[in-house]
Amino acid sequence: MFSPSQEELCALNKEPVKYGELVVLGYNGSLPNGDRGRRKSRFALYKRSKASGVKPSTVHVISTPQASKLTSPAVTECFGASSGHQPSISEVRRNAISSKGHHSISYTLSRSQTVIVEYIHDKDTDMFQVGRSTESPIDFVVTDTISGNQNNDETQITQSTISRFACRIVCDRNPPYTARIFAAGFDSSKNIFLGEKAAKWKNPDGHMDGLTTNGVLVMHPKGGFTEESKPGVWREISVCGDVYTLRETRSAQQRGKLVENETNILQDGSLIDLCGATLLWRTADGLLHTPTQKHIEALRQEINAARPQCPVGLNTLAFPSINRKDVVEEKQPWAYLSCGHVHGYHNWGHRSDTEANERECPMCRTVGPYVPLWLGCEAGFYVDAGPPTHAFSPCGHVCSEKSAKYWSQIPLPHGTHAFHPACPFCATQLAGEHNCIKLIFQGPID
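Here is a short report on the structure shown in this document. Predicted model, so just to flag it, every value in this text is computed and none were measured.

### Digging into helix α6 (residues 293–305)
In this model, α6 (13 residues) spans 18 Å end to end at C-alpha, consistent with the 18 Å of a helix rising 1.5 Å per residue. For α6, every residue scored as buried is listed here: Ile296, Glu297, Leu299, Arg300, Ile303 and Asn304. Viewed along the axis of α6, the buried residues span an arc of 155 degrees, placing them on a single side of the element. Counted as exposed and oriented over 90 degrees from the buried face of α6: Lys294, Glu302 and Ala305. Buried-residue contacts for α6 involve β22 (374–375) and β23 (388–392). Positive backbone phi, at 50 degrees, marks Arg307, one or two positions downstream of α6.

Written out as structure tokens, the structure is:
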């Protein structure tokens, strides 16, 4: 059966070509206070009306008067060989690059020497920037994800580990619309500045490269983002887009080893970690085969139409509507996460005063967490369109079996050197080996 390409679909619908979407882990469809402007839980990348990409061009090696005789082309171009003025490195950077309106990356090698790589317009690519800054160069504003969605703006401002200009994604404007990721983004002065203490080096071919303070990590899944997907290996991406093994800690001075057989090309299901927030990349073609919000709503209605009952209270249970996904309602299904038996809310079965959430299941006497169940509403996290039959432990978010098993085996970065699986819908760290459970619903007796 004929299946039109993404470009043909866009042409038919008179829509711009979509490169893909970035979805932030930890948000079940929207930010806690709602999506606003560039600050939201998912960001779609579309082909721009005019190309916005840049590519490296001229290299300027600049030294201060104390270290050289100012023979740098950038110096003589800006001030003239006989001007008599002895500019500082910051003056040269400002006049040689910024005055021309070009982007640049500055590598400070020492107090007396800086290498500036000038970037020029690239008519074949579009550039999108991600970071914590709300300044205009940032297309997608990302803040620290707090486990369980309990975000606090004050905490984020004072303790954020996400770079203000964290990374940039460059997409080819022509098919197959390849997307590549690079560490660091250009600031309002169109500059990326790697200071004296930043990890940086000169490669054997002569070009400069470096890493950001806390790094940009990427994991490409094995087998794409499908029912058969397996987690890949976490790598670090450099400012110029090369792939390295991880440093000992996120901010260590020593870079990892170059991984020559891997690239910075994003695949459907690639994960991007910015040290405080993790993003999922979904390609436009991948999204065409993923469940939609309407499909998830249909699954919710199908479960509710089956009229599952509490096996003790015999009252009918129902998942709340998607727009009330954070409010515990009277008919909300609850579950014992050690056994999977689904009940309505009840206040018995406590085993001790100290472990308030440890309950004994009245059906099988298994002791474990007893929590309300929440439907996973962010369609981008599903690897298949299966029914929501499994719950993550200990948060109680519900999704398809294969989606639950996929996410439960992915080690997500946490802090500066730890990794652990987490629920994609709320970022809660999953519990031990039994971090997802098959749910056991009881149908109506009548």
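Still more ground to cover, so stick around.
### Examining helix α7 (residues 401–408)
All buried positions along α7 are accounted for by Ser403, Ala404, Tyr406, Trp407 and Ser408. For α7, the secondary structure elements touched by its buried residues are β13 (216–219), β16 (271–273), β17 (278–283), β23, β24 (397–400) and β27 (436–438).

### Describing the sheet that holds strand β9 (residues 179–183)
Ordered by their spatial adjacency, four strands build an open sheet running β7-β6-β8-β9, and the pairing between neighbours is mixed. Whereas interior strands pair on both sides, the edge strands pair on one side only; in this sheet they are β7 (140–141) and β9. One ladder, built from six bridges, connects strand β6 (residues 125–131) with strand β8 (residues 167–172); its direction is antiparallel. Residue pairing for β8: Val130 is matched across the bridge by Cys167.

### Describing the pairing of β6
In terms of burial, β6 is largely enclosed, as seven of its seven residues are buried. Here β6 shows two buried faces, one formed by Thr125, Met127, Gln129 and Gly131 and the other by Asp126, Phe128 and Val130. Alignment of β6 against β7, held across two bridges, turns out to be parallel. Across the sheet, the residue bridging to Val130 is Phe140, located in β7.

### With respect to the sheet that holds strand β4 (residues 103–110)
Strand order in this open sheet of four strands is β3-β5-β4-β10, and the pairing throughout is mixed. Each of the sheet's edge strands pairs with one partner strand only, and the pair in question is β3 (53–63) and β10 (191–194). Along the sheet, successive strands turn relative to each other by an average axial angle of 15 degrees, direction set aside.

### Quick notes on the environment of Thr125
Within the element layout of this structure, Thr125 appears in strand β6. Along the primary structure Thr125 and Cys171 are separated by 46 residues, whereas in three dimensions their C-alpha atoms are 5.4 Å apart. Beyond its immediate stretch of four places on either side in the chain, Thr125 contacts Ala51, Ser52, Gly53, Val54, Val170, Cys171, Asp172 and Arg173.

### Quick notes on the packing of aromatic side chains
Aromatic ring pairs are defined here through the distance separating the ring centres and the angle between the ring planes. Applying the stated criterion to the full structure yields 17 aromatic pairs. Taking the centre distance of 4.6 Å and the plane angle of 35 degrees together, the rings of Tyr336 and Tyr370 count as tilted. In this pair, Tyr336 is assigned in strand β18 (residues 334–336) and Tyr370 in strand β21 (residues 367–372), connecting sequence segments 34 residues apart. Their ring planes at 75 degrees and their centres at 5.8 Å tell us that Phe381 and Trp407 sit as a pair that is edge-to-face. Of the two residues, Phe381 is situated in the loop between β22 and β23 and Trp407 in helix α7; the sequence distance between them amounts to 26 residues. By relative accessible area, which is 1% here, Phe381 ends up buried. For Trp407, a relative accessible area of 1% puts it in the buried group. Between the NZ or CZ atom of Arg255 and the centre of the ring of Trp201, over which it lies, the distance is 4.3 Å.

### Quick word on the state of the cysteines
Within the structure shown, the criterion is met by zero disulfides. No disulfide involves Cys436; its sulfur sits 8.0 Å from that of Cys399, the nearest cysteine. Note on Cys436: relative accessible area 18%, which makes it buried.

### Topic: the environment of Ser393
With respect to the secondary-structure elements, Ser393 resides in the loop between β23 and β24. In the structure, Ser393 is positioned 42 residues away from Asn435 in sequence and 4.9 Å away in space, judged by C-alpha atoms. Among all residues touching Ser393, those that are not within four sequence positions of it are Leu337, Leu430, Ala431, His434, Asn435 and Cys436.

### Structural notes on the environment of Phe419
Structurally, the position occupied by Phe419 is in strand β26 (residues 418–420). Note: C-alpha distance between Phe419 and Gln429 (10 residues apart in sequence) is 9.9 Å. With residues up to four places along the chain from it excluded, the contact list for Phe419 reads Leu217, Trp234, Leu246, Pro411, Leu412, Pro413 and His414.

### Details of the pattern of salt bridges
Summed over all chains, the structure comprises 16 salt bridges. Put simply, Asp268 and Arg282 hold a salt bridge, and the shortest N to O gap is 2.7 Å. With Asp268 in the loop between β15 (243–244) and β16 and Arg282 in strand β17, the pair connects residues that are 14 residues apart, well separated along the chain. Of the residues examined, Asp268 reaches a relative accessible area of 14% and is grouped as buried. Take Arg282: its relative accessible area is 1%, and that puts it in the buried class. Each of Lys18, Glu21, Arg42 and Glu378 takes part in salt bridges that share partners, so that together they form one network.

### Overview of a nonpolar patch on the surface
Together, Val312, Trp348 and Met363 give the surface a local cluster of nonpolar side chains, amounting to about 270 Å² of exposed area. For Val312, the location among the structural elements is in the loop between α6 and β18. Given the relative accessible area of 36%, Val312 is considered partly exposed.

Rules behind the numbers
- Residues numbered from 1 in each chain as written.
- Predicted model: local features only at pLDDT ≥ 70, side-chain atom pairs only at ≥ 80, totals over all residues.
- Heavy atoms only, no water.
- Helix = DSSP H or I, 4+ residues; strand = E, 2+ residues; numbered from the N terminus.
- Expected span 1.5 Å × (residues − 1).
- Buried < 20%, exposed > 50% of the residue type's maximum accessible area, 1.4 Å probe, protein only.
- Arc of directions from axis to C-beta.
- Contact = heavy atoms within 4.5 Å.
- Pairing = 2+ DSSP bridges.
- Axes fitted to C-alpha atoms, helices over the stretch in contact; angles between N-to-C directions.
- Phe/Tyr/Trp six-rings, centres within 6.5 Å; stacked < 30°, edge-to-face > 60°.
- Lys NZ or Arg CZ within 6 Å of the ring centre and 35° of its normal.
- Disulfide = S-S within 2.5 Å.
- Salt bridge = Lys/Arg side-chain N within 4 Å of Asp/Glu carboxyl O.
- Patch = residues over 30% accessible without salt bridge, like charges linked within 9 Å, V, L, I, M, F, W, Y side chains within 5 Å.
- Areas by Shrake-Rupley, 256 points an atom, 1.4 Å probe, with all protein chains shown as cover.

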